[in-house]
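If you want the building blocks of each chain, they are given just below.
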Amino acid sequence: MTHEKLTVYPISDFDGLRRAGRLAAETLDYITPFVQPGISTADLDERLENYMRSHGAIPATIGYHGYEKASCISPNHVVCHGIPSPTKILQDGDIINIDITVILDGWFGDTSRMYYVGKPSIKAKRLVETTYATMMAGIEACRPGATTGDIGHAMQQTAAAKNYSVVMDYCGHGIGRVFHGQPNILNYGIPGRGTLLVPGLVFTVEPMVNIGTHETLTLADGWTAITKDRSLSAQFEHMIGITETGYEIFTLSPKGYTYPPYQEDK
């Protein structure tokens, strides 16, 4: 078990994290009705940026290692880091992940969700539903005294039960006053191994699940990661903090959106 380079926040700091996380979740709520066949991913990105800025936040991804967009939008076989483009037009049956991070009063709020474009295939729906269950299995393993290996094991087992694979090239990460820090939250693991979870640790749980193999490729743009076998991939992401008794999710949807199709709570 390791403790190196970990930032443990006082629980009083969770107020700032709650605000940043809520705004990130509200941003994804806001964009939901715009995810329709015929819209470009650049159009979605512009709307996302405008919403974040109009609510007092900065999109964390703009300028991050040279990245120029306010979001990552990853359709179908794109695993993550898809770059919004005016030429990428959403088609009926697509599934897409929208991943955004806000900076609000110095705190980072990071979350992503899957969306259906029109009517997805049964195969795609099953993948998305299993990916959400995979994330929640990882989150439910979070408590003081558990380890990052417990989180990864829970996620890997959930995906494997449906004969899917978890991506090993990308993972969740520590977050708070910085965008990416320790601990890394792998999508696989051995129970009892890894970093010990203590109250005040804050990180993302963000499994990427593929219908095919776990292998990925990065395109020539240096960002876009795709499945090597071109199989469908899905991802969900929540930002959580470890409490004295368990965990708190900072990025829950205020509208009650969990996984698609999204219907507002009545």
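Whatever comes next refers back to the structure up there.
The rules behind each value
- Residues numbered from 1 in each chain as written.
- Predicted model: local features only at pLDDT ≥ 70, side-chain atom pairs only at ≥ 80, totals over all residues.
- Heavy atoms only, no water.
- Axes fitted to C-alpha atoms, helices over the stretch in contact; angles between N-to-C directions.
- Helix = DSSP H or I, 4+ residues; strand = E, 2+ residues; numbered from the N terminus.
- Parallel < 35°, antiparallel > 145°, perpendicular 65-115°, else oblique.
- Left-handed = near helix turned anticlockwise from the far one by under 90°.
- Contact = heavy atoms within 4.5 Å.
- Pairing = 2+ DSSP bridges.
- Buried < 20%, exposed > 50% of the residue type's maximum accessible area, 1.4 Å probe, protein only.
- Expected span 1.5 Å × (residues − 1).

Novice: Looking at this structure, I do not really get the packing of helix 3 (residues 122–140) against helix 4 (residues 148–160). What am I missing?
Specialist: In helix packing, the relevant descriptors are the interaxial angle and the interaxial distance, both defined with respect to the helix axes. Viewed as axis vectors pointing N to C, helix 3 and helix 4 meet at an angle of 155°, and their least axial separation amounts to 7 Å. With respect to helix 4, the element helix 3 is oriented roughly antiparallel. Handedness of the helix 3/helix 4 crossing: right-handed. On helix 4, the residues that touch Thr 130, Ala 133, Thr 134, Met 135, Ala 137 and Gly 138 of helix 3 are Ile 151, Ala 154, Met 155, Thr 158 and Ala 159.

Novice: Help me out: how do you make sense of the sheet that holds strand 10 (residues 208–210) in this one?
Specialist: Paired through their backbone hydrogen bonds, the strands of a sheet run either parallel or antiparallel. Read across the open sheet, the three strands follow the order 6-10-13; overall the sheet is antiparallel. Sheet topology places strand 6 (165–166) and strand 13 (233–235) at the edges, where each strand pairs with a single neighbour. The sheet contact formed by strand 10 and strand 13 spans three bridges and is antiparallel. For Val 209, the partnering residue across the bridge sits in strand 13 and is Ala 234. Where helix 3 meets the sheet, its contacts fall on strand 10 and strand 13, and the angle it forms with strand 13 comes to roughly 40°.

Novice: Is there a simple way to think about the environment of Asn 184 in this case?
Specialist: The topology assignment puts Asn 184 in strand 8 (residues 181–185). You can call Asn 184 partly exposed: its relative accessible area is 37%.

Novice: Is there a simple way to explain the environment of Ala 160 in this structure?
Specialist: Its location among the elements puts Ala 160 in helix 4. Here the alpha-carbon distance between Ala 160 and Ile 242, two residues 82 residues apart in the chain, equals 26 Å.

Novice: Can you help me understand helix 4 in this one?
Specialist: Note: α-helices contain 3.6 residues per turn, so residues at a spacing of three or four share the same orientation. Its 13 residues give helix 4 an end-to-end C-alpha distance of 18 Å, which sits within 8% of 18 Å, the value for a rise of 1.5 Å per residue. Among the residues of helix 4, Thr 148, Gly 149, Ile 151, Gly 152, Ala 154, Met 155 and Ala 159 are the ones counted as buried. Among the structural elements, helix 3, strand 6, strand 8, strand 9 (202–205) and strand 10 are those in contact with the buried residues of helix 4.

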